[in-house]
Amino acid sequence: MREFNPWYMALKHLDEVAEKINLDPNIHNILKKPKRILTVSIPIRMDDGRIEVFTGFRVQHNITRGPAKGGIRYHPQVTLDEIKALAMLMTWKCAVVGIPYGGAKGGIICDPKRLSSGEIERLTRRYISEIISIIGPEKDIPAPDINTNPQIMAWIMDTYSMDKGYSVPGVVTGKPISIGGSLGRNTATARGVMFALMNTIKKLNLNFSQQKIAIQGFGNVGGNLARILQKENCKIIAVSDIKGGIYNPKGLDCFKVSEALEKTGSVTGFNNGEQITNKELLSLNCDILVPAAIENQITKENADKVRAKIIIEAANAPITPEADKILNEKGIFIVPDILANAGGVTVSYFEWVQGLQSYFWTEREVNLKLRDIMEKAFENVWRISQERKVDMRMAAYILAVSRVAEATRIRGLYP
Ligand code: GLU
(Lines give C-alpha, C1' and ligand atoms only; values in the text may rest on other atoms or scores of the structure.)
Protein backbone atom coordinates (compact mmCIF):
# COMPACT_ATOMS: atom_id res chain seq x y z
CA MET A 1 0.00 0.00 0.00
CA ARG A 2 1.46 3.30 -1.12
CA GLU A 3 0.08 5.22 1.85
CA PHE A 4 2.25 3.14 4.17
CA ASN A 5 5.36 3.03 2.02
CA PRO A 6 7.81 5.36 3.78
CA TRP A 7 9.87 5.91 0.64
CA TYR A 8 6.77 7.07 -1.22
CA MET A 9 6.02 9.41 1.69
CA ALA A 10 9.54 10.85 1.68
CA LEU A 11 9.46 11.47 -2.08
CA LYS A 12 6.04 13.08 -1.77
CA HIS A 13 7.30 15.58 0.80
CA LEU A 14 10.31 16.34 -1.42
CA ASP A 15 8.12 16.85 -4.52
CA GLU A 16 5.83 19.22 -2.63
CA VAL A 17 8.67 21.38 -1.37
CA ALA A 18 10.39 21.30 -4.79
CA GLU A 19 7.28 22.82 -6.31
CA LYS A 20 7.00 25.42 -3.56
CA ILE A 21 10.59 26.68 -3.91
CA ASN A 22 10.87 26.17 -7.68
CA LEU A 23 13.73 23.77 -7.13
CA ASP A 24 16.00 23.32 -10.16
CA PRO A 25 14.71 20.03 -11.72
CA ASN A 26 18.31 18.79 -12.12
CA ILE A 27 18.95 19.16 -8.40
CA HIS A 28 15.54 17.67 -7.66
CA ASN A 29 16.55 14.58 -9.67
CA ILE A 30 19.77 14.24 -7.69
CA LEU A 31 17.99 14.57 -4.34
CA LYS A 32 15.33 12.00 -5.27
CA LYS A 33 17.92 9.23 -5.36
CA PRO A 34 19.97 7.81 -2.49
CA LYS A 35 23.67 8.25 -3.25
CA ARG A 36 24.63 4.74 -2.20
CA ILE A 37 22.75 1.58 -1.16
CA LEU A 38 24.44 -1.47 0.28
CA THR A 39 22.52 -4.69 1.01
CA VAL A 40 24.44 -7.36 2.88
CA SER A 41 23.88 -10.95 4.02
CA ILE A 42 24.97 -11.50 7.59
CA PRO A 43 25.60 -15.14 8.51
CA ILE A 44 26.05 -15.72 12.23
CA ARG A 45 26.33 -18.73 14.45
CA MET A 46 23.33 -18.98 16.77
CA ASP A 47 23.70 -20.20 20.35
CA ASP A 48 22.34 -23.65 19.39
CA GLY A 49 25.08 -24.12 16.77
CA ARG A 50 22.96 -23.39 13.66
CA ILE A 51 24.00 -20.71 11.20
CA GLU A 52 21.32 -18.15 10.42
CA VAL A 53 21.65 -15.58 7.64
CA PHE A 54 20.19 -12.12 8.28
CA THR A 55 19.79 -9.26 5.80
CA GLY A 56 21.14 -5.79 6.55
CA PHE A 57 21.18 -2.45 4.76
CA ARG A 58 23.12 0.78 4.86
CA VAL A 59 21.83 3.63 2.74
CA GLN A 60 23.61 6.96 2.26
CA HIS A 61 21.17 9.44 0.85
CA ASN A 62 23.38 12.49 0.52
CA ILE A 63 26.87 13.63 1.54
CA THR A 64 27.01 17.09 -0.02
CA ARG A 65 27.14 19.00 3.31
CA GLY A 66 29.38 16.53 5.13
CA PRO A 67 29.76 12.84 6.00
CA ALA A 68 26.68 10.67 5.98
CA LYS A 69 25.05 10.34 9.42
CA GLY A 70 22.26 8.24 10.83
CA GLY A 71 21.22 5.45 13.12
CA ILE A 72 20.94 1.69 12.75
CA ARG A 73 17.74 -0.11 13.68
CA TYR A 74 17.13 -3.77 14.47
CA HIS A 75 13.51 -4.66 13.74
CA PRO A 76 11.58 -7.50 12.08
CA GLN A 77 9.73 -5.03 9.83
CA VAL A 78 12.81 -3.28 8.43
CA THR A 79 12.62 -2.88 4.63
CA LEU A 80 14.96 -1.28 2.14
CA ASP A 81 12.32 1.35 1.30
CA GLU A 82 12.04 2.25 4.98
CA ILE A 83 15.80 2.65 5.32
CA LYS A 84 15.97 4.74 2.13
CA ALA A 85 13.24 7.03 3.47
CA LEU A 86 14.87 7.39 6.88
CA ALA A 87 18.23 8.14 5.24
CA MET A 88 16.59 10.95 3.28
CA LEU A 89 14.97 12.27 6.47
CA MET A 90 18.43 12.36 8.08
CA THR A 91 19.71 14.58 5.23
CA TRP A 92 16.91 17.07 5.91
CA LYS A 93 17.23 16.79 9.69
CA CYS A 94 20.94 17.65 9.67
CA ALA A 95 20.28 20.53 7.28
CA VAL A 96 17.41 21.96 9.37
CA VAL A 97 19.59 22.25 12.47
CA GLY A 98 22.60 23.31 10.38
CA ILE A 99 25.06 20.57 11.38
CA PRO A 100 27.64 19.57 8.75
CA TYR A 101 26.36 16.12 7.80
CA GLY A 102 24.52 14.36 5.06
CA GLY A 103 21.99 11.62 5.72
CA ALA A 104 22.21 7.85 6.11
CA LYS A 105 20.40 4.99 7.82
CA GLY A 106 21.02 1.34 8.44
CA GLY A 107 18.99 -1.61 9.55
CA ILE A 108 18.96 -5.34 10.03
CA ILE A 109 15.81 -7.42 9.57
CA CYS A 110 15.70 -9.29 12.86
CA ASP A 111 13.76 -9.55 16.08
CA PRO A 112 16.26 -8.61 18.79
CA LYS A 113 13.84 -9.78 21.49
CA ARG A 114 14.41 -13.34 20.28
CA LEU A 115 18.19 -13.06 20.14
CA SER A 116 20.62 -13.57 23.01
CA SER A 117 23.17 -10.91 23.88
CA GLY A 118 25.90 -13.04 22.28
CA GLU A 119 23.88 -13.41 19.08
CA ILE A 120 23.26 -9.64 18.94
CA GLU A 121 26.99 -9.02 19.40
CA ARG A 122 27.94 -11.43 16.59
CA LEU A 123 25.20 -9.96 14.35
CA THR A 124 26.48 -6.43 14.99
CA ARG A 125 30.14 -7.25 14.42
CA ARG A 126 29.49 -9.18 11.21
CA TYR A 127 27.14 -6.46 9.88
CA ILE A 128 29.80 -3.81 10.52
CA SER A 129 32.50 -5.89 8.87
CA GLU A 130 30.19 -6.26 5.81
CA ILE A 131 29.67 -2.48 5.50
CA ILE A 132 33.14 -1.45 6.74
CA SER A 133 34.29 -0.09 3.38
CA ILE A 134 31.64 2.62 3.31
CA ILE A 135 31.68 3.79 6.95
CA GLY A 136 34.28 5.80 8.87
CA PRO A 137 34.64 9.12 10.72
CA GLU A 138 34.96 11.06 7.45
CA LYS A 139 32.55 8.91 5.46
CA ASP A 140 29.51 7.73 7.34
CA ILE A 141 28.93 7.65 11.09
CA PRO A 142 26.28 5.26 12.49
CA ALA A 143 24.38 5.81 15.75
CA PRO A 144 21.60 4.20 17.78
CA ASP A 145 18.02 3.95 16.57
CA ILE A 146 15.15 1.59 17.38
CA ASN A 147 16.39 -1.43 19.42
CA THR A 148 20.07 -0.43 19.31
CA ASN A 149 21.89 1.00 22.32
CA PRO A 150 25.29 2.20 23.67
CA GLN A 151 26.55 -1.39 24.11
CA ILE A 152 25.89 -2.09 20.43
CA MET A 153 27.67 1.17 19.52
CA ALA A 154 30.66 -0.04 21.59
CA TRP A 155 30.80 -3.28 19.54
CA ILE A 156 30.65 -1.20 16.35
CA MET A 157 33.52 1.00 17.54
CA ASP A 158 35.54 -2.06 18.54
CA THR A 159 34.95 -3.97 15.29
CA TYR A 160 35.96 -0.97 13.19
CA SER A 161 38.97 -0.23 15.43
CA MET A 162 40.20 -3.84 15.33
CA ASP A 163 40.10 -3.69 11.55
CA LYS A 164 42.17 -0.47 11.52
CA GLY A 165 44.55 -1.56 14.29
CA TYR A 166 43.93 1.49 16.49
CA SER A 167 40.98 3.03 18.36
CA VAL A 168 38.66 5.11 16.21
CA PRO A 169 36.02 6.71 18.45
CA GLY A 170 34.75 8.98 15.64
CA VAL A 171 33.32 6.08 13.62
CA VAL A 172 30.11 5.87 15.65
CA THR A 173 28.10 7.99 18.10
CA GLY A 174 25.89 7.07 21.02
CA LYS A 175 28.82 5.20 22.59
CA PRO A 176 29.18 4.56 26.33
CA ILE A 177 30.98 7.41 28.15
CA SER A 178 33.94 5.14 29.01
CA ILE A 179 35.01 4.91 25.35
CA GLY A 180 34.36 8.46 24.17
CA GLY A 181 30.60 8.85 24.36
CA SER A 182 29.19 12.29 25.11
CA LEU A 183 27.48 13.26 28.32
CA GLY A 184 23.87 14.05 27.53
CA ARG A 185 23.67 11.88 24.37
CA ASN A 186 21.33 9.33 25.86
CA THR A 187 18.67 11.91 26.72
CA ALA A 188 19.43 14.27 23.81
CA THR A 189 16.55 13.34 21.50
CA ALA A 190 14.05 13.69 24.36
CA ARG A 191 15.61 16.98 25.47
CA GLY A 192 15.41 18.30 21.90
CA VAL A 193 11.73 17.32 21.76
CA MET A 194 11.20 19.20 25.01
CA PHE A 195 12.77 22.36 23.52
CA ALA A 196 10.52 22.01 20.46
CA LEU A 197 7.52 21.65 22.75
CA MET A 198 8.49 24.64 24.93
CA ASN A 199 9.09 26.86 21.91
CA THR A 200 5.72 25.87 20.48
CA ILE A 201 3.96 26.75 23.72
CA LYS A 202 5.74 30.11 23.82
CA LYS A 203 4.91 30.97 20.20
CA LEU A 204 1.27 30.00 20.62
CA ASN A 205 1.03 31.97 23.88
CA LEU A 206 -0.06 28.98 25.95
CA ASN A 207 0.62 28.12 29.55
CA PHE A 208 3.23 25.39 29.99
CA SER A 209 1.92 23.76 33.17
CA GLN A 210 -1.69 23.61 32.00
CA GLN A 211 -1.03 21.36 29.02
CA LYS A 212 -2.24 17.77 29.15
CA ILE A 213 0.30 15.64 27.32
CA ALA A 214 -0.01 12.11 25.88
CA ILE A 215 3.11 10.26 24.75
CA GLN A 216 3.05 7.20 22.50
CA GLY A 217 6.18 5.08 23.11
CA PHE A 218 8.26 4.75 26.26
CA GLY A 219 11.69 3.86 24.87
CA ASN A 220 14.76 6.06 24.77
CA VAL A 221 12.76 9.01 23.42
CA GLY A 222 9.29 8.66 24.97
CA GLY A 223 10.50 7.42 28.37
CA ASN A 224 13.17 10.09 28.81
CA LEU A 225 10.79 12.76 27.55
CA ALA A 226 8.09 11.77 30.05
CA ARG A 227 10.56 11.97 32.94
CA ILE A 228 12.14 15.26 31.76
CA LEU A 229 8.72 16.87 31.29
CA GLN A 230 7.53 15.68 34.69
CA LYS A 231 10.57 17.36 36.26
CA GLU A 232 9.45 20.56 34.50
CA ASN A 233 6.04 20.17 36.21
CA CYS A 234 4.15 19.10 33.09
CA LYS A 235 1.11 16.89 33.27
CA ILE A 236 1.52 13.61 31.40
CA ILE A 237 -1.89 11.96 31.20
CA ALA A 238 -1.00 8.91 29.10
CA VAL A 239 1.97 6.86 27.95
CA SER A 240 2.27 3.57 26.09
CA ASP A 241 4.66 0.95 24.82
CA ILE A 242 4.35 -1.91 22.35
CA LYS A 243 2.06 -3.84 24.73
CA GLY A 244 -0.45 -1.03 25.37
CA GLY A 245 -0.93 2.15 27.32
CA ILE A 246 -1.92 3.65 30.61
CA TYR A 247 -4.14 6.72 31.12
CA ASN A 248 -4.88 8.91 34.10
CA PRO A 249 -6.54 12.29 33.44
CA LYS A 250 -5.15 13.57 36.76
CA GLY A 251 -1.58 12.92 35.58
CA LEU A 252 0.79 9.95 35.81
CA ASP A 253 3.89 9.67 37.95
CA CYS A 254 6.26 8.77 35.10
CA PHE A 255 9.09 7.77 37.45
CA LYS A 256 6.77 5.15 38.98
CA VAL A 257 5.68 4.12 35.48
CA SER A 258 9.38 3.55 34.66
CA GLU A 259 9.70 1.38 37.77
CA ALA A 260 6.64 -0.64 36.72
CA LEU A 261 8.14 -1.08 33.26
CA GLU A 262 11.37 -2.32 34.82
CA LYS A 263 9.51 -4.81 37.02
CA THR A 264 6.79 -6.08 34.68
CA GLY A 265 8.23 -5.47 31.22
CA SER A 266 5.51 -2.97 30.24
CA VAL A 267 4.11 0.40 31.26
CA THR A 268 0.76 -1.39 31.51
CA GLY A 269 2.13 -2.94 34.71
CA PHE A 270 1.55 0.45 36.36
CA ASN A 271 -1.71 0.22 38.29
CA ASN A 272 -2.60 3.83 39.04
CA GLY A 273 -4.46 4.43 35.78
CA GLU A 274 -6.77 3.02 33.18
CA GLN A 275 -5.48 0.51 30.60
CA ILE A 276 -5.79 1.78 27.03
CA THR A 277 -4.57 0.64 23.62
CA ASN A 278 -2.00 2.49 21.50
CA LYS A 279 -4.79 3.47 19.13
CA GLU A 280 -6.90 4.90 21.96
CA LEU A 281 -3.94 6.96 23.17
CA LEU A 282 -3.80 8.78 19.84
CA SER A 283 -7.39 9.95 20.11
CA LEU A 284 -7.38 10.94 23.79
CA ASN A 285 -8.71 14.27 24.93
CA CYS A 286 -5.33 15.99 25.44
CA ASP A 287 -3.62 19.23 24.44
CA ILE A 288 -0.32 17.88 23.15
CA LEU A 289 0.21 14.52 21.51
CA VAL A 290 3.75 13.21 21.14
CA PRO A 291 4.10 10.15 18.89
CA ALA A 292 7.48 8.75 20.01
CA ALA A 293 7.32 5.19 18.68
CA ILE A 294 7.48 4.19 15.01
CA GLU A 295 6.27 5.27 11.57
CA ASN A 296 2.71 5.39 10.22
CA GLN A 297 0.84 5.72 13.50
CA ILE A 298 -1.53 8.48 12.41
CA THR A 299 -3.06 7.57 9.06
CA LYS A 300 -6.09 8.70 7.09
CA GLU A 301 -8.10 6.09 9.04
CA ASN A 302 -7.56 7.67 12.48
CA ALA A 303 -6.44 11.28 11.76
CA ASP A 304 -9.99 12.50 12.12
CA LYS A 305 -10.17 11.16 15.68
CA VAL A 306 -7.13 13.09 16.95
CA ARG A 307 -8.27 15.62 19.55
CA ALA A 308 -4.92 17.20 20.50
CA LYS A 309 -4.26 20.80 19.44
CA ILE A 310 -0.53 20.26 19.01
CA ILE A 311 1.46 17.26 17.75
CA ILE A 312 5.21 17.06 18.30
CA GLU A 313 6.71 14.33 16.10
CA ALA A 314 9.32 12.69 18.31
CA ALA A 315 9.36 9.54 16.14
CA ASN A 316 10.45 9.57 12.52
CA ALA A 317 7.52 9.79 10.08
CA PRO A 318 4.68 8.94 12.52
CA ILE A 319 2.09 10.73 10.33
CA THR A 320 1.34 9.71 6.74
CA PRO A 321 1.05 12.56 4.17
CA GLU A 322 -2.70 11.86 3.78
CA ALA A 323 -3.17 12.12 7.55
CA ASP A 324 -1.01 15.25 7.61
CA LYS A 325 -3.48 16.95 5.28
CA ILE A 326 -6.46 16.01 7.47
CA LEU A 327 -4.71 17.20 10.66
CA ASN A 328 -3.75 20.50 9.02
CA GLU A 329 -7.32 21.06 7.91
CA LYS A 330 -8.40 20.51 11.50
CA GLY A 331 -6.01 23.31 12.51
CA ILE A 332 -3.68 21.09 14.52
CA PHE A 333 -0.21 22.60 14.94
CA ILE A 334 2.40 19.98 13.99
CA VAL A 335 6.12 20.24 14.73
CA PRO A 336 7.69 17.89 12.15
CA ASP A 337 10.13 15.09 12.94
CA ILE A 338 13.07 16.63 11.07
CA LEU A 339 12.94 19.52 13.53
CA ALA A 340 11.40 18.01 16.67
CA ASN A 341 13.66 14.97 17.02
CA ALA A 342 16.89 16.50 15.72
CA GLY A 343 18.31 16.75 19.26
CA GLY A 344 19.68 13.20 19.02
CA VAL A 345 21.77 13.75 15.94
CA THR A 346 22.82 17.18 17.22
CA VAL A 347 24.43 15.67 20.31
CA SER A 348 25.81 12.90 18.08
CA TYR A 349 27.55 15.72 16.24
CA PHE A 350 28.90 17.03 19.56
CA GLU A 351 30.13 13.51 20.42
CA TRP A 352 31.89 13.20 17.06
CA VAL A 353 33.55 16.62 17.47
CA GLN A 354 34.66 15.78 21.01
CA GLY A 355 36.06 12.42 19.84
CA LEU A 356 37.98 13.97 16.93
CA GLN A 357 39.51 16.54 19.29
CA SER A 358 39.90 14.17 22.27
CA TYR A 359 38.53 17.00 24.37
CA PHE A 360 35.34 16.36 26.32
CA TRP A 361 32.68 18.77 27.51
CA THR A 362 30.56 18.90 30.66
CA GLU A 363 26.91 17.83 30.50
CA ARG A 364 25.91 21.44 31.11
CA GLU A 365 27.90 22.59 28.06
CA VAL A 366 26.32 19.87 25.94
CA ASN A 367 22.78 20.75 27.05
CA LEU A 368 23.30 24.50 26.59
CA LYS A 369 24.75 24.05 23.10
CA LEU A 370 21.87 21.70 22.25
CA ARG A 371 19.36 24.29 23.40
CA ASP A 372 21.03 26.99 21.28
CA ILE A 373 20.89 24.86 18.15
CA MET A 374 17.30 23.68 18.71
CA GLU A 375 16.06 27.21 19.46
CA LYS A 376 17.76 28.70 16.44
CA ALA A 377 16.37 25.97 14.18
CA PHE A 378 12.87 26.39 15.63
CA GLU A 379 13.05 30.15 15.16
CA ASN A 380 14.18 29.77 11.52
CA VAL A 381 11.40 27.32 10.73
CA TRP A 382 8.79 29.44 12.52
CA ARG A 383 9.90 32.55 10.60
CA ILE A 384 9.66 30.77 7.23
CA SER A 385 6.22 29.42 8.14
CA GLN A 386 5.03 32.96 8.99
CA GLU A 387 6.63 34.65 6.00
CA ARG A 388 5.50 32.09 3.44
CA LYS A 389 2.23 31.20 5.16
CA VAL A 390 2.97 27.49 5.21
CA ASP A 391 2.76 24.87 7.96
CA MET A 392 5.80 23.99 10.06
CA ARG A 393 6.57 20.82 8.08
CA MET A 394 6.68 22.67 4.78
CA ALA A 395 8.74 25.43 6.41
CA ALA A 396 11.26 22.92 7.78
CA TYR A 397 11.50 21.26 4.36
CA ILE A 398 11.96 24.63 2.66
CA LEU A 399 14.88 25.39 4.98
CA ALA A 400 16.45 21.94 4.69
CA VAL A 401 16.05 21.35 0.97
CA SER A 402 17.22 24.89 0.15
CA ARG A 403 20.39 24.38 2.20
CA VAL A 404 21.20 21.05 0.54
CA ALA A 405 20.29 22.40 -2.91
CA GLU A 406 22.55 25.43 -2.45
CA ALA A 407 25.45 23.21 -1.35
CA THR A 408 24.86 21.00 -4.41
CA ARG A 409 24.75 23.99 -6.75
CA ILE A 410 27.88 25.65 -5.40
CA ARG A 411 29.93 22.44 -5.40
CA GLY A 412 28.95 21.78 -9.01
CA LEU A 413 28.87 18.48 -10.84
CA TYR A 414 31.87 16.17 -11.02
CA PRO A 415 33.55 15.64 -13.48
N1 GLU B 1 18.59 7.60 15.07
C2 GLU B 1 18.54 8.97 15.44
C3 GLU B 1 17.69 9.76 14.48
O4 GLU B 1 16.85 9.22 13.79
C5 GLU B 1 19.92 9.57 15.68
C6 GLU B 1 20.85 9.55 14.50
C7 GLU B 1 22.28 9.99 14.85
O8 GLU B 1 22.54 10.37 15.97
O9 GLU B 1 23.09 9.92 13.93
O10 GLU B 1 17.76 10.95 14.40
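Residues numbered from 1 in each chain as written. Predicted model: local features only at pLDDT ≥ 70, side-chain atom pairs only at ≥ 80, totals over all residues. Heavy atoms only, no water.

K.L.:
Please clarify how the overall build of the chain should be interpreted in this entry.
P.N.:
Looking only at helices and strands, the chain has 14 helices and twelve strands in total. Taken against the 2.2 N^0.38 rule, which gives 22 Å for 415 residues, the C-alpha radius of gyration of the chain at 20 Å falls within 12% of a compact globule. Principal-axis analysis of the C-alpha atoms gives the chain an extent of 55 × 55 × 45 Å. In the chain, which comprises 415 residues, the proportion classed as buried is 58%. In the chain, the proportion of contacts linking residues at least 24 apart, taken out of those at least 6 apart, comes to 67%. Counting every atom, the chain has about 17700 Å² of accessible surface; 50% of that belongs to carbon and sulfur. Positive and negative side-chain charges of the chain, numbering 54 and 44 respectively, have mean locations separated by a distance of 3 Å. (Helix = DSSP H or I, 4+ residues; strand = E, 2+ residues; numbered from the N terminus. Rg over C-alpha atoms; globule rule 2.2 N^0.38 Å. Buried < 20%, exposed > 50% of the residue type's maximum accessible area, 1.4 Å probe, protein only. Contact = heavy atoms within 4.5 Å. Areas by Shrake-Rupley, 256 points an atom, 1.4 Å probe, with all protein chains shown as cover. Lys, Arg positive; Asp, Glu negative; His and termini not counted. Charge placed at Lys NZ, Arg CZ, Asp CG, Glu CD.)

K.L.:
For this particular structure, what's the right way to read the sheet that holds strand β12 (residues 333-335)?
P.N.:
Strands pair in a sheet through their backbones, by hydrogen bonds, and they do so in one of two ways: parallel or antiparallel. Strands sit in the order β9-β8-β7-β6-β10-β11-β12 across an open sheet of seven strands; the sheet is mixed. In this open sheet, the two edge strands, each paired with only one partner strand, are β9 (274-276) and β12. Each adjacent strand pair in this sheet contributes to an overall mean axis angle of 20°, direction not counted. Note: strand β7 (residues 235-241) against strand β8 (residues 244-247), four bridges, orientation antiparallel. (Pairing = 2+ DSSP bridges. Axes fitted to C-alpha atoms, helices over the stretch in contact; angles between N-to-C directions.)

K.L.:
I tried to follow the site of the ligand on my own but got confused; where do I start?
P.N.:
Surveying the vicinity of the ligand reveals 14 residues, the closest of which are Lys-69, Lys-93, Pro-144, Asp-145 and Ser-348. At 2.9 Å from a nitrogen atom of the ligand is found a main-chain nitrogen or oxygen belonging to Pro-144. The contact in question runs from an oxygen atom of the ligand to an N or O atom on the side chain of Arg-185, over 3.1 Å. Computed on the free molecule, the ligand has an accessible area of 300 Å², of which 94% lies beneath the protein chains in the complex. (Near = heavy atom within 4 Å. Polar contact = N/O pair within 3.5 Å; in protein donor to acceptor, adjacent residues only side chain to side chain.)

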